[in-house]
Amino acid sequence: MKEIPEFQTERLFLRGITLEDTSSYQKHFVDYEVVRYLADHVPWPYPENGIEEFLKEYILPNQAMSLWMWGIFLKEKPTEVIGAIELCRKGKPENRGFWLGRKFWGKGLMTEAVAPITDYAFTKLGFEKLIFANAVGNIGSRRVKEKSGAKLIGTEPAKFVDPKFTEHELWELTKEDWSKP
Ligand SMILES: CC(C)(COP(=O)(O)OP(=O)(O)OC[C@H]1O[C@@H](n2cnc3c(N)ncnc32)[C@H](O)[C@@H]1OP(=O)(O)O)[C@@H](O)C(=O)NCCC(=O)NCCS
């Protein structure tokens, strides 16, 4: 497994996810209120050892090559992962995914977490633009994008874990438009 850089923000540590993070990842991620907003390739009900398998088989072998996944940790509790951000070289079409445990929403934490990662994507990984996506109706995710300077480029049919969501919004953030918080 390759290393990825660590970052610090006012309230957070961001570092490459490891298998030691499996149980706290599971604790905060395996929650329908988090997973329902994700694309429908995420299984629900979530399999019992699904996080370990996902990290072992998909994330860790590709870390720092085709993708970069950071765990998000509060500085006051640096052993417990409370969320994650993933960048992908090849967009699906989106180049980034993120989630945060439910009890941490609405405090500006994801806006804070995406800042050093967006900088890293533009200054070190050579991205000229990033494509983002969210379910139409996922207002928190939409706001994180808007606040960073991303521009809405369209809406298309898409499938999510919660079948109530039937479309996604696509966003583009260029290096020029990136507005640091
Ligand atoms: C999307 C998510 C990462 C946002 O994280 P967060 O730390 O709560 O985001 P922030 O606090 O930085 O910003 C959220 C913004 O949305 C706003 N917001 C959130 N829910 C809202 C709602 N229902 N109505 C209006 N505004 C809302 C917040 O007020 C804030 O905007 P502001 O700073 O202008 O006040 C988090 O909600 C999450 O993990 N959701 C489940 C998984 C998910 O949706 N992942 C993304 C898939 S595209």
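The structure this text deals with has already been given above.
Criteria and cut-off values
Residues numbered from 1 in each chain as written. Predicted model: local features only at pLDDT ≥ 70, side-chain atom pairs only at ≥ 80, totals over all residues. Heavy atoms only, no water. Core = buried A, V, L, I, M, F, W, Y, C linked by side-chain atoms within 4.5 Å. Buried < 20%, exposed > 50% of the residue type's maximum accessible area, 1.4 Å probe, protein only. Contact = heavy atoms within 4.5 Å. Near = heavy atom within 4 Å. Polar contact = N/O pair within 3.5 Å; in protein donor to acceptor, adjacent residues only side chain to side chain. Areas by Shrake-Rupley, 256 points an atom, 1.4 Å probe, with all protein chains shown as cover. Helix = DSSP H or I, 4+ residues; strand = E, 2+ residues; numbered from the N terminus. Nonpolar A, V, L, I, M, F, W, Y, C, P; charged D, E, K, R; others polar. Phe/Tyr/Trp six-rings, centres within 6.5 Å; stacked < 30°, edge-to-face > 60°. Lys NZ or Arg CZ within 6 Å of the ring centre and 35° of its normal. Pairing = 2+ DSSP bridges. Axes fitted to C-alpha atoms, helices over the stretch in contact; angles between N-to-C directions.

## Notes on the nonpolar core
Grouped together as the largest cluster of nonpolar side chains are 32 residues, with contacts concentrated most on Trp70, Ile72, Ile85 and Met110. Excluding residues that lie within four positions of it along the chain, Trp70 makes contacts with Ile4, Pro5, Phe7, Leu14, Arg15, Gly16, Gly83, Ala84, Ile85, Leu87, Ile117 and Tyr120. Val35, Leu55, Leu67 and Val161 belong to the second-largest nonpolar core, a separate cluster that totals 19 residues.

## Points about the site of the ligand
In the region of the ligand, 23 residues are neighbours, and Gly106, Thr111, Asn138, Arg143 and Lys147 sit closest. One of the side-chain nitrogen or oxygen atoms of Lys147 is found 2.6 Å away from an oxygen atom of the ligand. Here the ligand has 950 Å² of accessible area as a free molecule, and 70% of this is covered by the chains. Of all the elements in the fold, those that place two or more residues in the shell around the ligand are β5 (96-100), α4 (109-123), β6 (129-135) and α5 (139-147). By residue number, the principal contributor to the shell around the ligand is α5, which donates 7 residues. When its residues are assigned to classes, the shell around the ligand shows 12 nonpolar, 7 polar and 4 charged.

## Concerning the packing of aromatic side chains
Summed over the entire model, instances satisfying the criterion amount to 12 aromatic pairs. Measuring from ring centre to ring centre gives 5.6 Å for Tyr25 and Phe29, while their planes differ by 55 degrees; the resulting arrangement is tilted. Taken as a pair, Tyr25 and Phe29 lie in helix α1 (residues 22-29) at a separation of 4 residues, close to a single helical turn. On the numbers, 6.2 Å between centres and 80 degrees between planes, the contact of Phe160 with Phe165 is edge-to-face. Comparing Phe160 with Phe165 shows no difference in burial state: the two are buried. Cluster of aromatic residues (ring-pair linked, three or more members): Tyr25, Phe29, Tyr46 and Trp99. One residue, Arg89, lies across the ring of Phe127, its end atom 4.7 Å from the ring centre.

## A closer look at the sheet that holds strand β8 (residues 167-174)
Here 3 strands make up an open sheet; going across it, the order is β6-β8-β7 and the pairing antiparallel. Only two strands of the sheet have a single neighbouring strand rather than two, namely β6 and β7 (151-157). Strand-to-strand twist of the sheet, defined as the mean angle between neighbouring strand axes without regard to direction, takes the value 25 degrees. One ladder, built from 6 bridges, connects β7 with β8; its direction is antiparallel. Directly across from Leu152, in β8, lies its bridge partner Trp171. Sitting on the sheet, α4 is in contact with β6 and β8, with an inclination near 140 degrees to β6. Across the sheet, α5 is in contact with β6, β7 and β8; its angle to β6 comes to roughly 155 degrees.

## Some remarks on the environment of Arg15
Here Arg15 lies in strand β2 (residues 12-16). Arg15 gets classed as partly exposed once you look at its relative accessible area, which sits at 23%. Those residues in contact with Arg15, other than ones at most four positions away along the chain, are Glu6, Asp21, Met69, Trp70, Gly71, Phe73 and Pro78. Reaching out from Arg15, the side chain makes a polar contact with the side chain of Asp21 at a distance of 3.1 Å.

## Regarding the sheet that holds strand β1 (residues 7-8)
Strand order in this open sheet of 5 strands is β1-β2-β3-β4-β5, and the pairing throughout is antiparallel. Each of the sheet's edge strands pairs with one partner strand only, and the pair in question is β1 and β5. Of the strand pairs in this sheet, β1 and β2 are connected by 2 bridges, and their pairing is antiparallel. Of the residues in β2, the one forming a bridge with Phe7 is Leu14. Along the sheet face, helix α3 (residues 50-62) touches β3 (67-74) and β4 (77-88) and points at about 110 degrees away from the line of β3. Set on the sheet, α4 makes contact with β1, β2, β3, β4 and β5; between it and β4 the angle comes to about 50 degrees.

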